[in-house]
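# Structure at a glance
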Amino acid sequence: MNLFQKFRETVSSVLPIMILVIVMGLTIAPLSFTVMSRFVIGGILVIFGLTIFLLGVDIGILPIGERSGAALTAKRSLPLLLGTAFLIGFIVTVAEPDVQVLADQVRGIAPDVSKWGLIFMIAVGVGLFVALGILRTVLSIPLNILLTISYIFVFVMAFFTPATFQGVAFDSGGATTGPMTVPFIMALGVGVAAVRAKSDKNGKLKSSSDDSFGLTGIASIGPVLAVIVYGIILSGGNSSSADSVAESSHGLAGSGILVFLNLLPSIFKEVAAALAPLAGMAVLFQIFLLKMPPMQVVRMARGFVMSFVGLILFLTGAQGGFMPAGEALGNVLGAASQTGTFWTALLVVTGLVFGAIIVSAEPAVWVLTDQVESISGGTIKRKVMLGALSSGVAISIGISMLRVLFGFSLWYILIPGYSLALILSFICPKLFTGIAFDSGGVASGPMTSTFILSFTLGASASSGGNPAVDAFGVIALVAMTPLIAIQVLGIIFKIKSGRAEKAKIVSEVQE
């Protein structure tokens, strides 16, 4: 994929949000010139940074995942495969930009929580469940059974963690499956399933094809459980981080380029620390496992450099301009919502509009809709798929705004939602269940973890709520929507396919 195409996809993702914020900032929710100028500069940096980063992932990082999965499976050593799967899941998660952003947001309201401690726990969770997902593929364990058992355990454990960690935990599941983690883990799963299909003596290629999907969905459970355990540990140690709420870390002091230049040194160190283990792993894989020709090694190195530069630009733009503007807009609308019904309704409607725009603009969503349309043979149209996702995500963010205003529990939405998704997994075709749980992170992309979460935090703080409890959970709700929408479409596809097959049989009999 060329640079221009990546740039076009990124612009289509970020620009609609920028336009809406600028229009609102100049009209019904006035924002200062400082905030607006930083937002525009930050948006430009986010666009260019995300473009360069994603292109670097495609040419330098993604091929490692697919080739590593295939090469490790071919060695027929289950301990080696599972151990390496854990290592890959851990290292890739540390480098995930969405996780970095989420950790910064958490520190904004709970400064006693260690950023790297939180990232470490999330990465451990991903690593463990990536290994579990690979084990499922090798042993042909039904995906719906594994998902049901895992989520029941997660929800039981969640009741023992402080309320301030519950939303963060489920948000981490959506934030983890970002532009770095999803392609790499999916490539690993495809590589393992492909080798397994070739070695299947009975020729059960359909089963292995189904196994190509679902690994990302399983991996996203790991960080939820890990953060829940982290919260329990902190609570047991009487850490004040579980109950304290601090001022936002996204200060609005300063304007122009200087704000972003001041952020560069710390972000440079963070990105270097995040990508160094991944680069080291790639070198080891090349020496002992992949043995790629020199031209491919050079291409891989170029991809790593692009990912490094792109991630620096993305985080600088997000922290310097995008997140503060989202928080400021949330502050204005949240404060206004306390003055009358009109402003309350406006906050909810704004959430609905943001949700519809974000999911429609995410590049990964367009890839997903193409994939479903192709798998269904055109029975499920892209427009139908996009409409279902857009409506679902809009409702999710609208519900998040209602949580901010009225403070009702996140469990009122998550428990019924995930229960329905798990029930559908026993009715829906296996392939669609795998795609559905993989796509939970597709909808909760970079815009959700940066702008939408900041907007929700700002609205909660200014409306008199508790951001630690009321704001976190928005990414989780967004990530939950595709689990239901895609499986419902899968059931529709199953029904239509059955009718078509029955009509074909009747026609043959009549002839």
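Residues numbered from 1 in each chain as written. Predicted model: local features only at pLDDT ≥ 70, side-chain atom pairs only at ≥ 80, totals over all residues. Heavy atoms only, no water.

### Concerning the overall build of the protein
- Counting secondary structure elements, the protein contains 22 helices and 0 strands.
- Per-residue burial for the protein yields a buried fraction of 58% across its 511 residues.
- At a minimum sequence separation of 6, the contacts of the protein that also span at least 24 residues come to 86%.
- Looking at the protein as shown, the accessible area adds up to about 19800 Å², and 70% of this sits on carbon and sulfur atoms. (Helix = DSSP H or I, 4+ residues; strand = E, 2+ residues; numbered from the N terminus. Buried < 20%, exposed > 50% of the residue type's maximum accessible area, 1.4 Å probe, protein only. Contact = heavy atoms within 4.5 Å. Areas by Shrake-Rupley, 256 points an atom, 1.4 Å probe, with all protein chains shown as cover.)

### A look at the packing of aromatic side chains
- This structure, assessed with the given rule, holds 21 aromatic pairs.
- Plain terms: the ring middles of F39 and F322 are 5.0 Å apart, the flat faces sit at 20° to each other, and that makes the pair stacked. Highlighted residues: F39 in helix α2 (residues 33–74) and F322 in helix α13 (residues 294–336), separated in sequence by 283 residues.
- On the basis of relative accessibility, which here comes to 0%, the residue F39 falls in the buried class.
- Under the relative-accessibility criterion, F322 is labelled buried at 0%.
- Geometrically, the ring pair formed by F354 and F455 is edge-to-face, given 5.3 Å between the ring centres and 80° between the ring planes. (Phe/Tyr/Trp six-rings, centres within 6.5 Å; stacked < 30°, edge-to-face > 60°.)

### Comments concerning empty space enclosed by the protein
- Scanning all chains against the criterion turns up 2 cavities of 30 Å³ or more.
- As for the largest cavity, its lining consists of 16 residues, of which Y151, G173, S220, Y418 and A479 are closest to the centre.
- In the lining of the largest cavity, the residues fall into 8 nonpolar, 7 polar and 1 charged. (1 Å grid on protein atoms, 1.4 Å probe; cavity = no way out; pocket = protein on both sides within 12 Å on 5 of 7 lines; lining within 4 Å. Points joined across faces, edges and corners; volume = space filled by probe spheres on them. Nonpolar A, V, L, I, M, F, W, Y, C, P; charged D, E, K, R; others polar.)

### Remarks on unusual backbone geometry
- The backbone of S140 sits at a positive phi, close to 55°, despite the residue not being glycine.
- Along the chain, S140 falls in the loop between α5 (115–139) and α6 (143–158).
- Relative accessible area serves as the criterion here: at 36%, S140 is assigned to the partly exposed category.
- You will see that K291, though not glycine, has its phi angle at about 50°, which is positive.
- Within the element layout of this structure, K291 appears in the loop between α12 (257–290) and α13.
- Here K291 falls in the exposed class, since its relative accessible area comes to 56%.

### Some points on the environment of V297
- With respect to the helices and strands, the residue V297 is situated in helix α13.
- For the pair V297 and V283, spaced 14 residues apart in the sequence, the C-alpha separation amounts to 9.3 Å.
- Here V297 is in contact with Q286 and M292, once residues within four sequence places are set aside.

### Looking at the packing of helix α1 (residues 3–26) against α2
- With their axes 9 Å apart at the nearest point, α1 and α2 run at an angle of 160° to one another. The orientation of α1 with respect to α2, classified from their angle, is roughly antiparallel. As for the relative orientation of α1 and α2, their crossing is right-handed in sense. (Axes fitted to C-alpha atoms, helices over the stretch in contact; angles between N-to-C directions. Parallel < 35°, antiparallel > 145°, perpendicular 65-115°, else oblique. Left-handed = near helix turned anticlockwise from the far one by under 90°.)

### Points about the packing of α6 against helix α17 (residues 411–424)
- At a minimum axis separation of 11 Å, α6 and α17 run at an interaxial angle of 165°. Considering their axes alone, α6 and α17 lie roughly antiparallel with respect to each other. With respect to the hand of their crossing, α6 and α17 are arranged in left-handed fashion. Along its contact with α6, which presents L147, T148, Y151, F155 and A158, the element α17 presents W411, L414, I415, Y418 and L422.
- Residue composition of the contact of α6 with α17, grouped by class: 9 nonpolar, 1 polar and no charged.

### Looking at the side chain of S463
- One can find S463 in the loop between α20 (446–462) and α21 (467–470).
- Polar side-chain contacts of S463 include one of 2.8 Å to the backbone oxygen of A459.
- Only 3.3 Å separates the side chain of S463 from the backbone oxygen of S460, close enough to count as a polar contact.
- Once residues within four sequence positions are removed from consideration, S463 is found in contact with G334, S337, Q338 and V404. (Polar contact = N/O pair within 3.5 Å; in protein donor to acceptor, adjacent residues only side chain to side chain.)

### Thoughts on the pattern of salt bridges
- Under the criterion given, the structure shown has 3 salt bridges.
- Residue K6 is joined to D58 by a salt bridge in which the shortest nitrogen-to-oxygen separation is 3.1 Å. Pair noted here: K6 is in helix α1 and D58 is in helix α2, with a separation of 52 residues, a long-range link.
- K6 sits in the buried class, given a relative accessible area of 9%.
- With a closest N to O distance of 3.1 Å, D104 and K115 form a salt bridge. Remark: K115 occurs in helix α5 and D104 occurs in helix α4 (residues 97–109); sequence separation between them is 11 residues. Accessibility classification places D104 together with K115 in one group, the buried group. (Salt bridge = Lys/Arg side-chain N within 4 Å of Asp/Glu carboxyl O.)

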